[in-house]
Amino acid sequence: MIKRLLRGFLCLFSVMMTANEYFVCRVPELEKTIIMDGNIKNDEWKNAARLPAFSNSTGIFSNRKQDLYLAYDKENLYVAFRTDIEWAAAFKPIPFDDLNIWTVDSLDIALIPDRAKMNDIVRFIAERAGGYADMKAKGQVKQPPEQWNPVWQKASRLIAQSYMSAYTWELEVAISWKSLERSAPEPGTVIPAQFLYCFGDIRKDLNGNPDRVVTWAPVPKGRDWVNPRDFGELHFAGKKAVFRADKEPVFGVKGTCTAPVKAELSGLLW
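Residues numbered from 1 in each chain as written. Predicted model: local features only at pLDDT ≥ 70, side-chain atom pairs only at ≥ 80, totals over all residues. Heavy atoms only, no water.

**Q** Is there a simple way to explain the packing of aromatic side chains in this structure?
**A** The relative placement of two aromatic rings is captured by the distance of their centres and the angle of their planes. Under the criterion given, the structure shown has 14 aromatic pairs. Here Trp-45 and Tyr-69 contribute two aromatic rings whose centre-to-centre distance is 6.2 Å and whose plane-to-plane angle is 45 degrees, an arrangement assigned as tilted. Note that Trp-45 is positioned in helix α2 (residues 42-45) and Tyr-69 in strand β3 (residues 66-72), a separation of 24 residues in sequence. Across the pair, exposure class does not vary: Trp-45 and Tyr-69 are buried alike. For the ring pair Phe-124 and Trp-148, a centre distance of 5.6 Å and an interplane angle of 65 degrees mean the geometry is edge-to-face. Taken together, the positions of Phe-124 in strand β6 (residues 120-127) and Trp-148 in the loop between β8 (141-142) and β9 (152-162) put the pair 24 residues apart, joining distant regions of the chain. No difference in accessibility class separates Phe-124 from Trp-148, as the two residues are buried. The positively charged end of Lys-142 is found above the aromatic ring belonging to Trp-102, 5.5 Å away from the centroid. The lysine or arginine in question, Lys-154, covers the ring of Tyr-132, its NZ or CZ lying 3.7 Å from the ring centre. (Phe/Tyr/Trp six-rings, centres within 6.5 Å; stacked < 30°, edge-to-face > 60°. Helix = DSSP H or I, 4+ residues; strand = E, 2+ residues; numbered from the N terminus. Buried < 20%, exposed > 50% of the residue type's maximum accessible area, 1.4 Å probe, protein only. Lys NZ or Arg CZ within 6 Å of the ring centre and 35° of its normal.)

**Q** Can you walk me through the pairing of strand β4 (residues 76-86) in this structure?
**A** In regular strands, side chains alternate between the two faces of the sheet. With nine of eleven residues buried, β4 lies mostly within the body of the structure. Where β3 lies against β4, seven bridges are found, and the strand directions are antiparallel. Bridge assignment links Tyr-72 to a residue of β4, and that residue is Leu-77. Taking the residues between adjacent antiparallel strands as the criterion, β3 and β4 are bridged by three residues. (Pairing = 2+ DSSP bridges.)

**Q** What should I look at first to understand the nonpolar core in this one?
**A** Grouped burial of nonpolar side chains is what soluble globular proteins tend to show. Of all hydrophobic cores here, the largest spans 39 residues; its most connected members are Leu-111, Phe-195 and Leu-234. If you list the elements that add at least two residues to this core, you get β1 (24-27), β3, β4, β5 (106-111), β6, β10 (166-176), β11 (190-198) and β13 (232-236). Looking at this core element by element, the count peaks at five residues for β10. Other than its neighbours up to four places away in sequence, Leu-111 contacts Leu-77, Asp-120, Ile-121, Val-122, Phe-124, Ile-175, Leu-180, Pro-192, Ala-193, Phe-231 and Leu-234. Ala-110, Ile-121, Met-135 and Ala-137 belong to the second largest nonpolar core, which has 18 residues in total. (Core = buried A, V, L, I, M, F, W, Y, C linked by side-chain atoms within 4.5 Å. Contact = heavy atoms within 4.5 Å.)

Here you go:
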């Protein structure tokens, strides 16, 4: 009897868990496949959505520029990421599925492919030297990476800004809908998502800086960085216009749409 009640509570809890509906990104469907070469070309990504700046656990915008684009087609979800990183004499790739991947500059793409199963998360992580990892998670509990090895494409490059000063890291990712065990989304489909960027080399930070992690959807301080309740929502818009946030972080969000739209804004004062 107790076991049945516990199972019933867990099922109810998983149904009650919802994403952060205030952080929404409309994602456009593209007509042409994006070539994964690590070069974020304007002609390929000009109609993609662009997320606003990421913030740390205190809600402060990161002092590093994160430029993240989103688009999709019938085969893949596409993600492009650009940021500046510190200079190093050499970058050694983190071995495949090594959990040390979060100790260096890395992008973590966390998705919930089925909104009816909010506790089932898939994660795709890529780092600045070409290393990568993928895994499933049950809520905040990571599953062993070796248990799941989906097929996904990723390509990146480092562009030297000036001698011994900094690099720009560009990353392109294509995640097939098959690897997410679902069909391509119809217009109106919603997939909860979180994007997490770990910057710098944590081994160089003797103080263990907790704010070296920034996210798209805010994460309250003291909570695990990848929590289903903190995820934002990707709204798949088909061929309709989408929003592109300005690259420079500002109070609030400014930007433009990829085409003229008719819209009304409303709000509450308190």
